[in-house]
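Summary of structural features
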Amino acid sequence: MFEVALSAFAMFFATIGPVEAAVLFASFCPRCDRAERLAVSLKAIGIATGIILFFALFGSEILEALGVTMPALQTAGGIILGLIALDMIFETTIAGSTITMPESDEARIKSSGEIAVFPLATPILAGPGAMSGAMVLMANASGQPWHQVAIVGALFAVMTITFILMLAAQEIREWIGLTAQKVVTRLLGILLAAIAVQSIFNGISGAGLFLRKL
């Protein structure tokens, strides 16, 4: 169970990106006082957590209704996470795991209340990587309630860290340097790549594509 919680925590930390979210939040709300930051952070975290939980709990059923199997979900999710990991390691834009420049520009001219929903809640916090990752993790833990509890707990832990960092966004932006951000991002990218490959392996194994006939 501890291994499941640790793996889920690493995946959510990598795909949600608490430090990156805090730095972006600081750039979106440069003149917000602490009370405004608290209100915006709470709203963004609440909406993002709800979105990810929805996909974690019901995403598999929705896909099943569409005729998509669990192994297919695990393989597809692993591929998506792998592309995001490549983004993080090589600073490319293969998977589009971050917001685009037009989205960023639009966010700067919106009110703080609107920013909490877009782009903070989605796609920055509840992006495609976090949503597909949550679905993959819950699919892997199918039939194991305590493992599913550990996954949800890991999500709440990462969101709590994200909330704290967003409250201290202005200070973090000034304190952490660009080099440190890149080092942390690359390390998390490597870890996420390993999780992605394991998910692909689990999907292929579950599909029984390469089972030899006895």
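Residues numbered from 1 in each chain as written. Predicted model: local features only at pLDDT ≥ 70, side-chain atom pairs only at ≥ 80, totals over all residues. Heavy atoms only, no water.

Each helix and strand in the protein chain was counted, giving 10 helices and zero strands. Secondary structure elements of the protein chain occur, N-terminal to C-terminal, as α-α-α-α-α-α-α-α-α-α. Expressed as a percentage of its 214 residues, the buried residues of the protein chain come to 42%. Contacts in the protein chain between residues far apart in sequence, at least 24 positions, make up 85% of those at least 6 positions apart. About 11200 Å² of surface is accessible on the protein chain, with carbon and sulfur atoms providing 69% of the total. (Helix = DSSP H or I, 4+ residues; strand = E, 2+ residues; numbered from the N terminus. Buried < 20%, exposed > 50% of the residue type's maximum accessible area, 1.4 Å probe, protein only. Contact = heavy atoms within 4.5 Å. Areas by Shrake-Rupley, 256 points an atom, 1.4 Å probe, with all protein chains shown as cover.)

Next up on the list: the packing of helix H3 (residues 34–65) against helix H8 (residues 145–167). Packed helices, taken two at a time, are described by the angle between their axes plus the distance between the axes. Two numbers describe how H3 lies on H8: the axes approach to 9 Å, and their chain directions differ by 160°. In terms of orientation, H3 and H8 fall into the roughly antiparallel class. Where H3 crosses over H8, the two elements pack in a sense that is right-handed. Across the interface between the two elements, Arg34, Arg37, Leu38, Ser41, Leu42, Ala44, Ile45, Ala48, Thr49, Ile52 and Leu53 of H3 pack against Val152, Leu155, Phe156, Met159, Thr162, Phe163, Met166 and Leu167 of H8. Residues of the contact of H3 with H8, tallied by class, amount to 14 nonpolar, three polar and two charged. (Axes fitted to C-alpha atoms, helices over the stretch in contact; angles between N-to-C directions. Parallel < 35°, antiparallel > 145°, perpendicular 65-115°, else oblique. Left-handed = near helix turned anticlockwise from the far one by under 90°. Nonpolar A, V, L, I, M, F, W, Y, C, P; charged D, E, K, R; others polar.)

The positions UniProt marks with the feature "transmembrane region" (unreviewed entry) are residues 45–63, 75–95, 115–137, 149–169 and 189–211. Structurally, residues 45–63 is divided into 100% helix and 0% strand, and its ends, taken at the C-alpha atoms, are 26 Å apart. Structurally, residues 115–137 is divided into 91% helix and 0% strand, and its ends, taken at the C-alpha atoms, are 29 Å apart. (UniProt positions renumbered as here; feature names shortened; annotations may be inferred.)

Moving on, we get to the packing of helix H1 (residues 2–16) against helix H7 (residues 128–140). Viewed as axis vectors pointing N to C, H1 and H7 meet at an angle of 165°, and their least axial separation amounts to 9 Å. Overall, the two elements H1 and H7 adopt an arrangement that is roughly antiparallel. Judged by the sense of rotation from one axis to the other, the crossing of H1 with H7 is right-handed. For the pair H1 and H7, the contacting residues are Ala8, Met11, Phe12, Thr15 and Ile16 in the first and Gly129, Ala130, Gly133, Ala134 and Leu137 in the second. Among the residues making up the contact of H1 with H7, the classes are represented as seven nonpolar, three polar and no charged.

Attention now goes to the side chain of Thr49. With respect to the helices, strands and loops of the structure, Thr49 is situated in helix H3. Here Thr49 is in contact with Leu155, Phe156 and Met159, once residues within four sequence places are set aside.

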